[in-house]
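# Topology and contacts: notes
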Amino acid sequence: LSMPKPVLIDADGGVFRLKSGHKVPTLRVNSYQDVLDLLDSRELDGFNTLVIDTVGKLLDFMSVHIIEDKKSMGTSNGILSLQGYAVRKALFLALLTKIKKIGMHVMFVAHDVEEKAKSMRGEDIITHRPDIGGSTKQDIMKDIDLVGLMVMTDDDRTVYFSPKEAFYAKNSAGIENVLKIPRLA
């Protein structure tokens, strides 16, 4: 929320967790249609950065939207079919294009997921990756310039953009590999 002129799109209802000094203008969304309506409205005028918290919840909203639009895109237990995941991938890429046309920076907040992996020495390790489900993950990563892992120690926050064995990161923009997040008032 220290990015240039941010507006927070609260998809997971977690804005109440923010310390008062970190609060920025916030728009609550409850569906993918809410997100589309916001992008077509004038409510984002004057902001430079769109912060979506969380990308996982946004993808959940997209899944519901897809199944409501066409039942065959879902399975009997309400999750996306393989075709549904392909549609969601296309929707996400179209959303990125729409945000780029508006001319805003976009930051997706994601929880992390732990995965078991082998280190380069063959040892079992736990790695951290953004929790972005399904095959959409690879396509999202292609179109995003920066992926960082934020580590919090007390009130200090540091983001690492250089990939390590223990976590996924990406730094296509060539910024510093380690970024200390400024403390907000």
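Going by the structure above, here's the rest.
Described below are features of the structure shown in this document. Per chain, residue numbering runs from 1 following the sequence as it is written. Two thresholds apply to this predicted model, a pLDDT of at least 70 for residue-level local features and 80 or more for giving and counting side-chain atom pairs, whereas whole-chain, interface and lining totals are computed over all residues. Side-chain metrics rest on all non-hydrogen atoms present in the structure, leaving aside hydrogens and water.

Pairs of aromatic rings are described using the distance from one ring centre to the other and the angle between the two planes. Only centres within 6.5 Å qualify two rings of Phe, Tyr or Trp (six-membered ring in Trp) as a pair; their planes then separate them into stacked at under 30 degrees, edge-to-face at over 60, and tilted for everything else. Under the defined criterion, the tally for this structure stands at two aromatic pairs. Aromatic side chains Phe 92 and Phe 108 sit 5.4 Å apart centroid to centroid with 40° between the ring planes, which places their arrangement in the tilted category. Here Phe 92, found in helix H3 (residues 82-102), pairs with Phe 108, found in strand S4 (residues 105-109); they are 16 residues apart in sequence, far enough to count as distant. Buried means the residue's accessible area, taken with a 1.4 Å probe over protein chains only, is under 20% of the maximum for its type, while exposed means over 50%, and partly exposed covers the values in between. The class for Phe 92 is buried, based on a relative accessible area of 0%. Seen in terms of ring centroids, Tyr 160 and Phe 167 are 6.2 Å apart; in terms of plane orientation they differ by 55°. Their pairing is tilted. Accessibility expressed as a relative area gives 29% for Tyr 160, which makes it partly exposed. In DSSP terms, a helix is any run of H or I states spanning at least four residues, a strand is any run of E spanning at least two, and both are numbered starting from the N terminus.

Bringing unusual backbone geometry into the picture now. Here the amide bond leading from Asp 53 into Thr 54 is cis, since omega sits at 5°, within 30 degrees of zero. Relative to the elements of secondary structure, Thr 54 occurs in the loop between strand S3 (49-53) and helix H2 (55-69).

What follows deals with the nonpolar core. By size, the foremost hydrophobic cluster in this structure holds 29 residues, and its most contacted members are Leu 50, Leu 58, Phe 92, Leu 95 and Phe 108. Of all elements in the fold, only strand S1 (6-10), helix H1 (32-40), S3, H2, H3 and helix H4 (136-143) reach the threshold of two or more residues within this core. It only takes one pair of heavy atoms within 4.5 Å for two residues to be counted as in contact. If sequence neighbours within four positions are ignored, Leu 50 has contacts with Val 7, Ile 9, Leu 39, Leu 44, Ile 99, Met 104, His 105, Val 106 and Met 107. Put simply, a nonpolar core is a bunch of buried Ala, Val, Leu, Ile, Met, Phe, Trp, Tyr and Cys residues held in one set by side-chain atoms that sit within 4.5 Å of each other.

Attention now moves to H3. Think of an α-helix as 3.6 residues a turn; residues three or four steps apart then line up on the same face. How far a helix is expected to stretch is found by multiplying one less than its residue total by 1.5 Å. Compared with the 30 Å implied by 1.5 Å per residue over 21 residues, the 31 Å span of H3 between its first and last C-alpha is a close match. Looking at H3, one finds that the buried residues are Gly 84, Arg 88, Phe 92, Leu 95, Leu 96 and Ile 99. Within H3, the buried residues cover an arc of 125° as seen down the axis, which keeps them to one side. Facing away from the buried side of H3, by more than 90 degrees, are the exposed residues Leu 82, Gln 83, Lys 100 and Lys 101. Directions are taken from the helix axis to each C-beta atom, and the arc is the one they span.

Moving on, we get to the sheet that holds S3. Strand pairing is assigned whenever DSSP detects at least two bridges linking the two strands. Strand order in the open sheet formed by four strands is S2-S1-S3-S4, and the pairing between neighbours is parallel. The open sheet has two edge strands, strand S2 (26-28) and S4, and neither has a second partner. Strand-to-strand, the axes of this sheet are offset by a mean angle of 20°, without reference to chain direction. Between the N-to-C directions of two axes lies an angle of 0 to 180 degrees, each axis being a line fitted to C-alpha atoms and, for a helix, fitted only over the stretch in contact.

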